[in-house]
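The residues making up each chain are set out below.
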Amino acid sequence: MTTTFPDVSISTERLVLRPFEDADIPAYTEMMNDDLVAAWTSAPLPYTSGDAYDWVRRIAPAQRTRGDGIALAVTEFLTQRLVGTIRLRNTNWHTLATEISYVTAPWARGEGYATESVLAVAKWLFRNQKFERMELRTPADNTASQQVAQKVGGISEGVLRNAWIARFQTDAGDWVDMRTDLIVWSLLPEDLEGGTDEMAQFGYASFNELN
Ligand SMILES: CC(C)(COP(=O)(O)OP(=O)(O)OC[C@H]1O[C@@H](n2cnc3c(N)ncnc32)[C@H](O)[C@@H]1OP(=O)(O)O)[C@@H](O)C(=O)NCCC(=O)NCCS
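Definitions and cut-offs
Residues numbered from 1 in each chain as written. Predicted model: local features only at pLDDT ≥ 70, side-chain atom pairs only at ≥ 80, totals over all residues. Pairing = 2+ DSSP bridges. Helix = DSSP H or I, 4+ residues; strand = E, 2+ residues; numbered from the N terminus. Axes fitted to C-alpha atoms, helices over the stretch in contact; angles between N-to-C directions. Buried ≥ 20, exposed ≤ 12 C-beta atoms within 10 Å, placed from the backbone. Arc of directions from axis to C-beta. Contact = placed C-beta atoms within 7 Å. Core = buried A, V, L, I, M, F, W, Y, C linked by C-beta atoms within 7 Å. Right-handed = clockwise from strand over helix to strand, strands pointing away.

If you look the protein chain up in an unreviewed UniProt entry, it shows as GNAT family N-acetyltransferase from Streptomyces albipurpureus.

Here it is, written out as structure tokens:
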């Protein structure tokens, strides 16, 4: 049984999703130093270039070789700029199930990039890697993330009560932990055949294994 994802490059209409490179470190550091990333992810706060270096060089590759998942840099095809990241984690190679999470750089939000990336990764996961389930977990107040889950055709399965600690910024500017519920969504191979508007709009994806 395969227990690691291959290194892969995934191309869509507007994007190329590929492994991280050292050259991504400055843009990745900037992207992760953002209030919404601080609020809704468990990334280090503040996020330093040392954190980005560690992620690109050590943590992301180790997660792939360990079989936990894969991290991909999302870049614009035309400009090659880093616009976001997509991550698969908590992968179960027996049930062929995994969890996806996403971040889009502040300046690139609202363009449909997270939606396009998630759909492309789902296609690769189901068609190429023969997975049977992709899960999304969105904190209850993270509306943008829920929009993405909905737009890719995710089915909402229920609520994990008190399951996540988000961060909240006080008027004084301090970040404090805030317990929150998680909404669980899933996508199965057959859901991709459903044909939402977004699937028609962002549907194209091609895959190129790098090893
Ligand atoms: C969630 C996130 C990845 C979305 O990225 P994106 O590339 O802007 O996503 P898309 O453009 O594909 O879709 C975003 C949708 O959310 C909507 N949206 C964005 N901000 C919103 C808000 N505050 N309230 C309601 N909807 C919002 C957008 O309008 C868009 O929907 P639309 O196309 O129907 O207008 C981005 O906001 C982000 O990086 N947030 C911080 C990290 C994060 O929360 N990650 C998810 C952890 S579960």
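Read from one edge to the other, the open sheet built from 9 strands follows the order E7-E8-E6-E5-E4-E3-E2-E1-E9, with strand pairing classed as mixed. The outermost strands of the open sheet, each flanked by one partner alone, are strand E7 (155-169) and strand E9 (205-209). Sheet twist, expressed as the average angle between the axes of neighbouring strands with direction ignored, equals 25°. Sheet topology places strand E3 (residues 70-76) next to strand E4 (residues 82-92); 6 bridges connect them, and they run antiparallel. Directly across from Val74, in E4, lies its bridge partner Gly84.

Within helix H1 (residues 25-32) the residues assigned to the buried category are Ile25, Tyr28, Met31 and Met32. For H1, the buried positions fall inside an angular range of 130° around the axis, keeping them on one side. In the core, the buried residues of H1 are packed alongside helix H2 (35-40), helix H3 (49-66), E4 and strand E5 (97-104).

Another point: the nonpolar core. Within the largest apolar cluster, 48 residues are counted, with the highest numbers of intra-cluster contacts made by Leu17, Val74, Ile86, Ile100, Val118, Val121 and Ala122. The biggest single contributor to this core is helix H4 (residues 113-128), with 10 residues. Apart from residues no more than four positions distant in its own chain, Ile86 is found in contact with Leu17, Leu72, Val74, Ile100, Tyr102, Ser117, Val118 and Val121.

Now for the pairing of E5. Along E5, 6 of the 8 residues are buried, which leaves the element largely enclosed by surrounding structure. Here E4 pairs with E5 via 7 bridges, running antiparallel. From the neighbouring strand, Arg89 faces E5, where its bridge partner is Glu99. Between E4 and the antiparallel strand that follows it, E5, lie 4 residues; Leu96 among them carries a positive phi value of about 55°. Here 3 bridges tie E5 to strand E6 (residues 133-139), and the two strands are oriented parallel to one another. When the sheet's bridge partners are listed, Glu99 is paired in E6 with Glu135. At this point the chain moves from E5, through H4, to the parallel E6, and the crossover so formed is right-handed.

Here we come to unusual backbone geometry. The omega angle of the peptide bond from Leu45 to Pro46 is -5°, so this bond is cis rather than trans. Among the secondary structure elements, Pro46 is positioned in the loop between H2 and H3. Unusually for a residue other than glycine, Lys130 sits at a positive phi of about 60°. Structurally, Lys130 can be placed in the loop between H4 and E6. Owing to 10 C-beta atoms within 10 Å, Lys130 belongs among the exposed residues under this scheme. Not every positive phi belongs to a glycine, and Asn162 is a case in point at roughly 55°. Examined against the element boundaries, Asn162 turns out to sit in strand E7.

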